[in-house]
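Examining the three-dimensional arrangement
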Number of protein chains: 2
Amino acid sequence: MTTTQQVRLAKRPSGLPDADTWNLTTEELPALSPGRILVQVNFISLDPAMRGWLNDVRSYVPPVGVGEVMRSLDIATVVESTHPDFAVGDTVSGTFGVTEYAIHDGRGVQKVDLTAAGGPTWLGTLGMPGMTAYFGLLEVGDLRAGDTVVVSAAAGAVGSIAGQIAKIKGATVIGIAGGAEKCRMLTEELGFDAAIDYRSENVLRRLREVAPEGIDVYFDNVGGDILDAALANLRRGARIVICGAISAYNAEKLPPGPSRYMSLLVHRASMTGFVVFDYADRYGEAVAEISGWLAEGRIKSREHVVDGGVARFGETLNMLFTGANTGKLVLAV
Amino acid sequence: MTTTQQVRLAKRPSGLPDADTWNLTTEELPALSPGRILVQVNFISLDPAMRGWLNDVRSYVPPVGVGEVMRSLDIATVVESTHPDFAVGDTVSGTFGVTEYAIHDGRGVQKVDLTAAGGPTWLGTLGMPGMTAYFGLLEVGDLRAGDTVVVSAAAGAVGSIAGQIAKIKGATVIGIAGGAEKCRMLTEELGFDAAIDYRSENVLRRLREVAPEGIDVYFDNVGGDILDAALANLRRGARIVICGAISAYNAEKLPPGPSRYMSLLVHRASMTGFVVFDYADRYGEAVAEISGWLAEGRIKSREHVVDGGVARFGETLNMLFTGANTGKLVLAV
């Protein structure tokens, strides 16, 4: 018998999740039936999309039900197996949830190669955020060498990779982030051409200065005023990639949309949404290419690992919404 | 010497243009220098885009200057010519402005064939509105047979043609218009599959009823709440064509944008703006195809011709913003 602690959704939050949102429970896991694995979770991925799963709205995935274990993507070690594809000791990624141990039928579970990169990197640069950056920029954004690319939440898990991929592909890259330290990291460590601190600078005016001929690709993770600032600075034929809108995820009612959207008409531009899961059959291609860049030192992977186990899940998640993390936010169990 | 009355921009309007916006002037035109034509204007096109030209903002064309003759596309007769390409008696279309007579150097002036269609039709179905509907729907909207298409301002010049072209191309077509009479016309005369009266119906709910599987192409002429209602009813992979936003053209400050734009992400959808002038080298192709449909009776051209000459320009223009017109609004001189 294995005892595990888990975080369950206690109550749907209104606004920023708080202590009432979560319930830390303990349960005994039963013995494995055939075709199952028991995993011990090592790292839990914290993602802005999690906030959407807490609302009682079917989006591209169903919401997490009240009383259910919070959904999360994890890196885990197989500690028991009755499944032909997995052996004890395998390191795997899967949607095991915010839990210490889980029993799983193996569907959607992938083995990960820790010699290529550590667990947190497999949740970030080589995980969903990396896939999102790669396909969002190259497929949805149709990036071309010479483009001027702007990335918001540029010090975050997706943005930091999107910006670095854009540089590798020959673009001029401007990152928007909150705070001088994040901006310094973007230009000094990650090779961005310019960084704009949205907390202390007027983004609309600064974009005009650093991208005087306008933006070809805007990779949007935040929505809100920053999306409008980008709309005000498009070049003809610009592509806006709608990846997220973290500024709105905790809003109690739907905030106003981008008031400058008619700039799409003036500049013959487009705004396109995507969901990375649609590229699942091409993740291998992206992992291979990004791994190569990591090995060559052309991409730096930034992870922000918080210790403390599942009990710290709630407070760690909220770091995403206050901008407290730099790079991929991961909870170590 | 030719005496002409003209409408000039007297003062940039705030909100809906009023009598102070316009100045009716009389002037004597000089004798023709070489390479010029003198035209007598027969029909003046009234277009929602005109409102944008009154703001002191460079959009895809420069604004009309205070004191300048109001820009308009007209159908006119050549009454004097020193230009090798034009003879007295030719009927032409050109940007002659809101005037009775004009001297012009012939650039951008096209001869029109009145045996194919009358002057108002050359300003509507075979003019810019027809070109806008054709390229917006088929190129920007990438219409495919079997699509569910929604058109706003569907009883207007562009919308009425866009909807009919969509039907010809094998789509299910829903029109949104203001008032029972316009809606009746859409379904009974123009062959739309359904019509929604935005003045008396909840557009969001009605779209859910008439397009239960969602919208593939939304051709937007209006913006505002109706754009949001469409965003709430997208099918996966939907294309929103941003053609105009008449609901906002008289707003004194930029209204909020589409609050449901994140629906683009959930539905992997796009929102793309365009300017019909970019397709100028393909107008011939569109005119040929649309003329064929007109001759076959597969497209019905609706024109709303107001008599009264240039003095009535201001009040006639405002009919566009109160929804008083059905089909292409034209001022007869």
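Residues numbered from 1 in each chain as written. Chains lettered and ligands numbered in written order. Predicted model: local features only at pLDDT ≥ 70, side-chain atom pairs only at ≥ 80, totals over all residues. Heavy atoms only, no water.

Chain A has the name NADP-dependent oxidoreductase in an unreviewed UniProt entry, where Nocardia gamkensis is given as its organism.

Another point: the sheet that holds strand β8 (residues 148–152) of chain B. On the basis of which strands lie adjacent, the open sheet formed by twelve strands has the order β10(A)-β9(A)-β8(A)-β11(A)-β12(A)-β13(A)-β13(B)-β12(B)-β11(B)-β8(B)-β9(B)-β10(B) and mixed pairing. The open sheet has two edge strands with one neighbour each: β10 (194–197) of chain A together with β10 (194–197) of chain B. Going from strand to strand, the sheet's axes swing by 15 degrees on average, the running direction of each strand aside. Docked against the sheet, helix α5 (residues 180–189) of chain B engages β9 (172–177) and β10 of chain B, running at close to 170 degrees with respect to β10 of chain B. Across the face of the sheet, helix α6 (residues 203–210) of chain B comes into contact with β8, β9, β10 and β11 (215–220) of chain B while running at roughly 165 degrees to β10 of chain B. (Pairing = 2+ DSSP bridges. Helix = DSSP H or I, 4+ residues; strand = E, 2+ residues; numbered from the N terminus. Axes fitted to C-alpha atoms, helices over the stretch in contact; angles between N-to-C directions. Contact = heavy atoms within 4.5 Å.)

A few words on the pairing of strand β9 (residues 172–177) of chain A. Residue and element names in this part refer to chain A. Counting buried residues along β9, five of its six residues qualify, which places the element largely inside the surrounding structure. Here four bridges tie strand β8 (residues 148–151) to β9, and the two strands are oriented parallel to one another. Bridged to Thr-148 within β9 is Thr-172. Handedness of the crossover joining β8 and β9 through helix α4 (residues 157–168): right-handed. Two strands pair when backbone bridges link them, and β9 and β10 are joined in this way by four bridges, in the parallel orientation. The residue of β10 that forms the bridge with Gly-175 is Ala-195. In this fold, β9 hands off to helix α5 (residues 180–189), which returns the chain to β10; that crossover is right-handed. (Buried < 20%, exposed > 50% of the residue type's maximum accessible area, 1.4 Å probe, protein only. Right-handed = clockwise from strand over helix to strand, strands pointing away.)

In this section: the interface of chain B and chain A. How large an interface is tends to be reported as the accessible area lost when its parts come together. Every contact between the two is made by 33 residues of chain B and, on the other side, 33 residues of chain A. Summing both partners gives a buried area of about 2,400 Å² for chain B against chain A, and 67% of it is carried by carbon and sulfur. Three residues, Tyr-261, Leu-265 and Arg-268 of chain B, lead the burial of chain B against chain A; their summed loss comes to 25% of the area buried on that side. On inspection of chain B and its partner chain A, the count reaches four salt bridges. Counting across the interface, chain B meets chain A through six residue pairs in polar contact (both at pLDDT 80 or more). Elements represented by at least two residues in the side of chain B that touches chain A include exactly α7 (224–231), β12 (234–242), α8 (263–266) and β13 (270–273) of chain B. In terms of residue count, the dominant contributor to the side of chain B that touches chain A is β13 of chain B (four residues). (Buried area = accessible area lost by both parts, 1.4 Å probe. Salt bridge = Lys/Arg side-chain N within 4 Å of Asp/Glu carboxyl O. Polar contact = N/O pair within 3.5 Å; in protein donor to acceptor, adjacent residues only side chain to side chain.)

UniProt tags residues 15–331 of chain A as "domain: Enoyl reductase (ER)" (unreviewed entry). Taken end to end, residues 15–331 of chain A is 28% helix and 24% strand, and its first and last C-alpha atoms sit 22 Å apart. (UniProt positions renumbered as here; feature names shortened; annotations may be inferred.)

What follows covers the side chain of Ser-160 of chain A. Residues and elements named next belong to chain A. By the secondary structure assignment, Ser-160 is in helix α4. With relative accessibility at 2%, the residue Ser-160 sits in the buried group. Only 3.5 Å separates the side chain of Ser-160 from the backbone oxygen of Ala-157, close enough to count as a polar contact. In this view, Ser-160 contacts Ala-154, Ala-155, Leu-190 and Phe-192; residues no more than four positions away in its chain are not counted.

For the rest of this paragraph, the subject is the environment of Val-112 of chain A. Mapped onto the elements, Val-112 of chain A comes out in the loop between β7 (110–111) and α2 (119–123). The contact partners of Val-112 of chain A, leaving out residues within four places of it in the chain, are Ile-75, Thr-91, Val-92, Ser-93 and Trp-122 of chain A.

Right, let's get into the relation of the copies chain B and chain A. Superposing chain B onto chain A takes a rotation of 180 degrees plus a shift of 0.0 Å along the axis, which leaves an RMSD of 0.0 Å. Accordingly, the operation relating the two chain copies is best matched by a two-fold axis. Ranked by how close their C-alpha atoms come to the rotation axis, the residues of chain B are headed by Gly-257 of chain B, at 2.0 Å. (Least-squares fit on C-alpha atoms with pLDDT ≥ 70 in both.)

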